[in-house]
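Remarks on the overall topology
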Amino acid sequence: AQTVTQSQPEMSVQEAETVTLSCTYDTSESDYYLFWYKQPPSRQMILVIRQEAYKQQNATENRFSVNFQKAAKSFSLKISDSQLGDAAMYFCAYRWGGSNYKLTFGKGTLLTVNP
Amino acid sequence: ETGVTQSPTHLIKTRGQQVTLRCSSQSGHNTVSWYQQALGQGPQFIFQYYREEENGRGNFPPRFSGLQFPNYSSELNVNALELDDSALYLCASSPPGASGANVLTFGAGSRLTVL
């Protein structure tokens, strides 16, 4: 069974600084996708960034980028120039490339941004 | 375009009762999946519906059941409620096509408390 582990329950960062959230996963599949989702307090979960396992290049979306280490099964999220609006719970998630839409989530990392 | 809407936002039930949660999918989306998010945990996949049929299920007992309607809206029903069913229930919809699974849109959730 696939598992996703986020080893940092909480992280904090100063506004305008950079922070990296860690995620490791376990799978025997070769075709899969990895995601980072953001869940602000009492608001809906939104997709931050997606990485296809077959792509060697790390995904980037504006201030958000990932470090995808396939052999190590590691998928960290780097947030640059942190903003107060980045404060939220961040979840790492895995999806097998088959037809099932099931996402497997980690337990999350609560990010606090200090002014 | 409207996003995913869920109702009710909050509800309280007692052990043994039954509950129905509702989800309206985003316009153009034909697949709906449901997740249970216990306090301090990541979401766990319950099941998904496509063309009004369940076509994927997580590790949840049969007292968790669902429906999808011709307009792609969906219901989650939970019978014989237990205290451990207290959680945030998230609905997510996705568009047609192989890449649809990578663009889930989540609702804000229904928070169920079982006393």
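Residues numbered from 1 in each chain as written. Chains lettered and ligands numbered in written order. Predicted model: local features only at pLDDT ≥ 70, side-chain atom pairs only at ≥ 80, totals over all residues. Heavy atoms only, no water.

**A look at the overall build of chain A**
The helix and strand tally for chain A stands at zero helices and 12 strands. Each of the three principal axes of chain A carries a C-alpha extent, and together these read 40 × 30 × 20 Å. By residue count, 46% of the 115 residues in chain A fall in the buried class. The long-range share in chain A, meaning contacts at least 24 apart out of those at least 6 apart in sequence, stands at 55%. Entry remark: accessible area of chain A is about 5800 Å², with carbon and sulfur atoms responsible for 44%. Of the side chains in chain A, 11 bear a positive and 10 a negative charge, and the two mean positions are spaced by 6 Å. (Helix = DSSP H or I, 4+ residues; strand = E, 2+ residues; numbered from the N terminus. Buried < 20%, exposed > 50% of the residue type's maximum accessible area, 1.4 Å probe, protein only. Contact = heavy atoms within 4.5 Å. Areas by Shrake-Rupley, 256 points an atom, 1.4 Å probe, with all protein chains shown as cover. Lys, Arg positive; Asp, Glu negative; His and termini not counted. Charge placed at Lys NZ, Arg CZ, Asp CG, Glu CD.)

**Comments concerning the environment of W34 of chain B**
With respect to the helices and strands, W34 of chain B occurs in strand β4 (residues 31-37). Residues W34 of chain B and Q44 of chain B lie 10 residues apart in sequence; the distance between their C-alpha atoms is 8.5 Å.

**Quick notes on the nonpolar core**
Counting residues in hydrophobic clusters, the biggest one holds 25 residues, and the most contacted among them are Y25, W36, F75, L77 and Y90 of chain A. At the level of elements, β3 (19-21), β5 (32-39), β6 (46-52), β8 (64-69), β9 (74-79), β10 (88-96) and β12 (109-114) of chain A are the ones that each hand at least two residues to this core. In terms of residues, this core owes the most to one element, β10 of chain A, which gives four residues. Contacts of F75 of chain A, omitting those with residues within four sequence positions, involve C23, Y25, L34, F35, W36, Q51, V66, N67, F68 and C92 of chain A. Ranked by size, the runner-up nonpolar core spans 20 residues in total, among them V19, L21, L76 and V78 of chain B. (Core = buried A, V, L, I, M, F, W, Y, C linked by side-chain atoms within 4.5 Å.)

**A short note on the sheet that holds strand β1 (residues 5-7) of chain B**
All names here are of chain B. Spatially, β1-β3-β8-β7 is the arrangement adopted by the four strands of the open sheet, whose pairing is antiparallel. Both outer strands of the open sheet, β1 and β7 (64-68), are each paired with one neighbouring strand and no more. The average angle at which neighbouring strand axes cross in this sheet is 20°, direction not considered. Bridge analysis of β7 against strand β8 (residues 74-78) gives five bridges, and the strand direction is antiparallel. Bridge assignment links G66 to a residue of β8, and that residue is L76. (Pairing = 2+ DSSP bridges. Axes fitted to C-alpha atoms, helices over the stretch in contact; angles between N-to-C directions.)

**Remarks on the interface of chain A and chain B**
At the interface, 18 residues of chain A touch 24 residues of chain B. Together chain A and chain B conceal approximately 1700 Å² of surface at their shared face, both sides included; 52% is due to carbon and sulfur atoms. Three residues stand out in chain A for area buried against chain B, namely Q44, M45 and Y101 of chain A, and they jointly supply 36% of the buried area on that side. Joining chain A to chain B, the criterion identifies zero salt bridges. At the junction of chain A with chain B, the criterion picks out five residue pairs in polar contact (both at pLDDT 80 or more). If you list the elements that add at least two residues to the side of chain A that touches chain B, you get β5, β6 and β10 of chain A. Here the side of chain A that touches chain B gets four residues from one element, more than from any other, and that element is β5 of chain A. (Buried area = accessible area lost by both parts, 1.4 Å probe. Salt bridge = Lys/Arg side-chain N within 4 Å of Asp/Glu carboxyl O. Polar contact = N/O pair within 3.5 Å; in protein donor to acceptor, adjacent residues only side chain to side chain.)

**A short note on the state of the cysteines**
All names here are of chain B. Considering all chains together, one arrives at two disulfides over all chains under this definition. Shown here is the disulfide that connects C23 with C91, its sulfur atoms set 1.9 Å apart. Around the S-S axis, the bridge from C23 to C91 shows a dihedral of about -65° and counts as left-handed. Placement of C23 in strand β3 (residues 19-24) and of C91 in strand β9 (residues 87-94) is noted, with a sequence separation of 68 residues between them. (Disulfide = S-S within 2.5 Å.)

**With respect to unusual backbone geometry**
In this structure, the amide linkage connecting S7 of chain B to the following residue, P8 of chain B, adopts the cis form with an omega of -10°. Relative to the helices and strands, P8 of chain B is located in the loop between β1 and β2 (10-13). At S42 of chain A, a position not held by glycine, the phi torsion is positive, near 60°. Inspection of the secondary structure assignment puts S42 of chain A in the loop between β5 and β6.

**With respect to the pairing of β3 of chain B**
Residue and element names in this part refer to chain B. Looking at chain direction, β1 and β3 are connected through three bridges and run antiparallel. Looking at β3, one finds that S7 is bridged to R22. In this structure, β3 lies alongside β8, joined through five bridges in antiparallel fashion. Residue pairing for β8: C23 is matched across the bridge by S74.

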